[in-house]
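Summary of structural features
Here are the chains, one letter per residue:
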Amino acid sequence: MNVSASLSPLNSPTPQSLPMMLDTLPDPAIAGQGCPPRTRLQIDLILLAIEALELGGSEAILTFAEELELKGIVKDRVNLWRMRSSNPMRRAHIRRPLTIIEAKALVVIACYIARRLTVVIRQLIAIYQQMHEKQLPLEQNLRLSNYLERFRAHFKSRMNARRSGVLALSSDEKLDELAINLLGQLLFCTGTAGMQRFWISLFDGEVD
């Protein structure tokens, strides 16, 4: 019996138990083991966009965690909520670190879900571009309107309205703009080496 493994904290998987796909994401050159606030925010927002794209999005995150053998990191709904509540803009913000391993797992899951939703994401971006060029109200398209409405509802219900970053997004127009930008990020994740490039972008300006 491996004594050192048996003494490891339950929420800290041993290196031998971590899926090899996490090794495809480089460790950022940042101080400490926790992710910076901006990284935590961006990961939570990309997952929020996935939930707005697909009903049952949070269940899809847990399903993919199991399929990708990441249940040792993203164990259950409560565990996922705790990770996402490390986002400082959250209404139920928890002062806990989001470890690099946890962040990698969430990014891998988000990118795999994005790949599955590639056609939908492309269609919504194309619809937005057409509406924007014709200067038509976005709510005139039912599919795009539904996505934007769900995103706004998720954002308003989960984020702390008193935080300055949230105050800057208090209008529906600003939230729609954020939702569209997140669609672009999700599409970026589906491209060649998209997962790795998205991961690296989360630490732009954060590295030591």
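In what follows, the structure referred to is the one given above.
A brief report on the enclosed structure follows. (Residues numbered from 1 in each chain as written. Predicted model: local features only at pLDDT ≥ 70, side-chain atom pairs only at ≥ 80, totals over all residues. Heavy atoms only, no water.)

Quick notes on the side chain of Thr-118
- Tracing the sequence through the fold places Thr-118 in helix α6 (residues 118-133).
- For Thr-118, a relative accessible area of 17% translates into the label buried.
- With sequence-adjacent residues up to four places away left out, Thr-118 is seen in contact with Leu-187 and Thr-190. (Helix = DSSP H or I, 4+ residues; strand = E, 2+ residues; numbered from the N terminus. Buried < 20%, exposed > 50% of the residue type's maximum accessible area, 1.4 Å probe, protein only. Contact = heavy atoms within 4.5 Å.)

Looking at the pattern of salt bridges
- Going through the model one piece at a time under the given rule, you end up with 11 salt bridges.
- Across the pair Arg-152 and Asp-172 runs a salt bridge whose closest N-O atoms are separated by 3.8 Å. Note that Arg-152 is positioned in helix α7 (residues 142-158) and Asp-172 in helix α9 (residues 172-189), a separation of 20 residues in sequence.
- Its salt-bridge partner being Arg-152, residue Asp-176 comes within 2.7 Å of it at the nearest N-O pair. Here the residue Asp-176 occupies a position in helix α9, and Arg-152 occupies one in helix α7, the gap between them amounting to 24 residues. (Salt bridge = Lys/Arg side-chain N within 4 Å of Asp/Glu carboxyl O.)

Quick notes on the nonpolar core
- Ranked by size, the top nonpolar core spans 66 residues in total, and within it Val-74, Val-107, Ile-109, Tyr-147, Phe-151 and Phe-155 carry the most contacts.
- Those elements giving two or more residues to this core turn out to be α2 (37-53), α3 (57-67), α4 (77-84), α5 (100-116), α6, α7, α9 and α10 (194-201).
- At 11 residues, α5 tops the list of elements feeding residues into this core.
- With residues near it in sequence (within four places) discarded, Tyr-147 still touches Ala-49, Ala-52, Leu-53, Leu-124, Ala-179, Leu-182 and Leu-183. (Core = buried A, V, L, I, M, F, W, Y, C linked by side-chain atoms within 4.5 Å.)

Comments concerning α3
- Along α3, the positions that sit buried rather than exposed are Gly-57, Ala-60, Ile-61, Leu-62, Phe-64 and Ala-65.
- Contact partners of the buried residues in α3: α2, α4 and α5.
- Remark: Glu-69 follows α3 within two positions and exhibits a positive phi of approximately 60°.

Observations concerning the packing of α3 against α5
- Direction vectors running N to C along α3 and α5 enclose 110°, while the axes themselves pass 10 Å from each other. Looking at the two axes, α3 sits roughly perpendicular to α5. In contact with Ala-60, Ile-61, Phe-64 and Ala-65 of α3, α5 contributes Ile-109, Tyr-112, Ile-113 and Arg-116.
- Tallied by class, residues from the contact of α3 with α5 come to seven nonpolar, no polar and one charged. (Axes fitted to C-alpha atoms, helices over the stretch in contact; angles between N-to-C directions. Parallel < 35°, antiparallel > 145°, perpendicular 65-115°, else oblique. Nonpolar A, V, L, I, M, F, W, Y, C, P; charged D, E, K, R; others polar.)

A closer look at α2
- Helix length check: α2 (17 residues) gives 25 Å between terminal C-alpha atoms against 24 Å at 1.5 Å per residue, within 8%.
- Along α2, 15 of the 17 residues are buried, which leaves the element largely enclosed by surrounding structure. (Expected span 1.5 Å × (residues − 1).)

Examining the packing of aromatic side chains
- Applying the stated rule across the entire model yields three aromatic pairs.
- Pairing Tyr-147 with Phe-151 gives two aromatic rings, centres 6.5 Å apart and planes at 40°, and the pair type is tilted. Residue Tyr-147 and its partner Phe-151 are both found in helix α7; the two are separated by four residues, about one turn of the helix.
- A residue is classified by how much of its surface remains accessible, and Phe-151, at 0% relative accessible area, is buried.
- Note that Arg-115 overlies the ring of Tyr-112, its terminal NZ or CZ placed 4.8 Å from the centroid. (Phe/Tyr/Trp six-rings, centres within 6.5 Å; stacked < 30°, edge-to-face > 60°. Lys NZ or Arg CZ within 6 Å of the ring centre and 35° of its normal.)

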